[in-house]
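Below are the chains, spelled out letter by letter.
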Amino acid sequence: MVTTRRRQRTGNPLPQPHLGEIEVDQVLRALGEPVRLQIVRSLAAAEQPMACGAFHLGVSKSTSTHHFRLLRENGIIAQHEQGTSRYSELRSDDLEDRFPGLLAAILDAPPKRSLNA
């Protein structure tokens, strides 16, 4: 289950859409990619913002940066820079306000099974 929480952000926030600009089709499209869904699941379980380098995604740094940027630009995560690190957190409260129950349903869904299994 997704818990909602509001945090005091420090550092320099990166641009992100306002709540009313977040579109459900963009959220669903962004979360349809396994690496991005893995990032969101990790952030949902985190107690505090996570440094981007703390994720073990099995992709190159440039690919990882691409996935984080898409999540931020589609309103799913917020990011801020602090020193030389970039921190990410899930916009769970905003997503719940905009699309009640959507994020919880996505995160509570069982992982996709491989066709070869």
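Look a little higher up for the structure.
Residues numbered from 1 in each chain as written. Predicted model: local features only at pLDDT ≥ 70, side-chain atom pairs only at ≥ 80, totals over all residues. Heavy atoms only, no water.

Engineer: Please give an account of the pattern of salt bridges that cites residues and values.
Structural biologist: One pass over the structure, following the stated rule, counts five salt bridges. A salt bridge links Arg-98 to Glu-23; its shortest N-O distance comes to 3.9 Å. Highlighted residues: Arg-98 in helix α4 (residues 92–98) and Glu-23 in the loop between β1 (12–13) and α1 (24–31), separated in sequence by 75 residues. Note that Asp-94 is salt-bridged to Arg-91, the shortest N-O span being 2.9 Å. The residues Asp-94 and Arg-91 share a single accessibility class, namely buried. (Salt bridge = Lys/Arg side-chain N within 4 Å of Asp/Glu carboxyl O. Helix = DSSP H or I, 4+ residues; strand = E, 2+ residues; numbered from the N terminus. Buried < 20%, exposed > 50% of the residue type's maximum accessible area, 1.4 Å probe, protein only.)

Engineer: Help me get a handle on the environment of Cys-52, residues and values and all.
Structural biologist: With respect to the helices and strands, Cys-52 occurs in the loop between β2 (50–51) and α3 (61–73). A sequence separation of 36 residues divides Cys-52 from Ser-88, and the C-alpha atoms of the two residues are 6.6 Å apart. For Cys-52, the residues in contact, after removing those within four places along its chain, are Phe-68, Gln-79, Arg-86 and Ser-88. (Contact = heavy atoms within 4.5 Å.)

Engineer: Describe the sheet that holds β1, listing the residues and the values that go with them.
Structural biologist: Spatially, β1-β3-β4-β2 is the arrangement adopted by the four strands of the open sheet, whose pairing is antiparallel. The sheet is open, and its two edges are formed by β1 and β2, each paired on a single side. Bridge analysis of β2 against strand β4 (residues 85–90) gives two bridges, and the strand direction is antiparallel. Its bridge partner lying in β4, Met-50 is registered against Ser-88. (Pairing = 2+ DSSP bridges.)

Engineer: Outline empty space enclosed by the protein, listing residues and values.
Structural biologist: Evaluation of the coordinates by the stated rule reveals one cavity of 30 Å³ or more. For the largest cavity, the calculated volume is near 30 Å³. Mapped by element, the contributors of at least two residues to the lining of the largest cavity are α1 and α5 (102–108). Split by residue class, the lining of the largest cavity holds seven nonpolar, no polar and no charged. (1 Å grid on protein atoms, 1.4 Å probe; cavity = no way out; pocket = protein on both sides within 12 Å on 5 of 7 lines; lining within 4 Å. Points joined across faces, edges and corners; volume = space filled by probe spheres on them. Nonpolar A, V, L, I, M, F, W, Y, C, P; charged D, E, K, R; others polar.)

Engineer: I'd love a proper account of the layout of surface pockets, names of residues and values included.
Structural biologist: Within this model, the largest pocket holds a volume of roughly 300 Å³. For the largest pocket, the lining is made up of 16 residues, of which Cys-52, Lys-61, Ser-64, Thr-65 and Phe-68 are closest to its centre. Mapped onto the lining of the largest pocket, the elements with two or more residues apiece are α3 and β4. Looking at the lining of the largest pocket element by element, the count peaks at six residues for α3. Looking at side-chain class alone, the lining of the largest pocket contains five nonpolar, seven polar and four charged residues. Approximately 240 Å³ is the volume attributed to the second largest pocket. Lining the second largest pocket are 13 residues, with Leu-31, Pro-34, Leu-37, Arg-41 and Lys-112 sitting closest to its centre.

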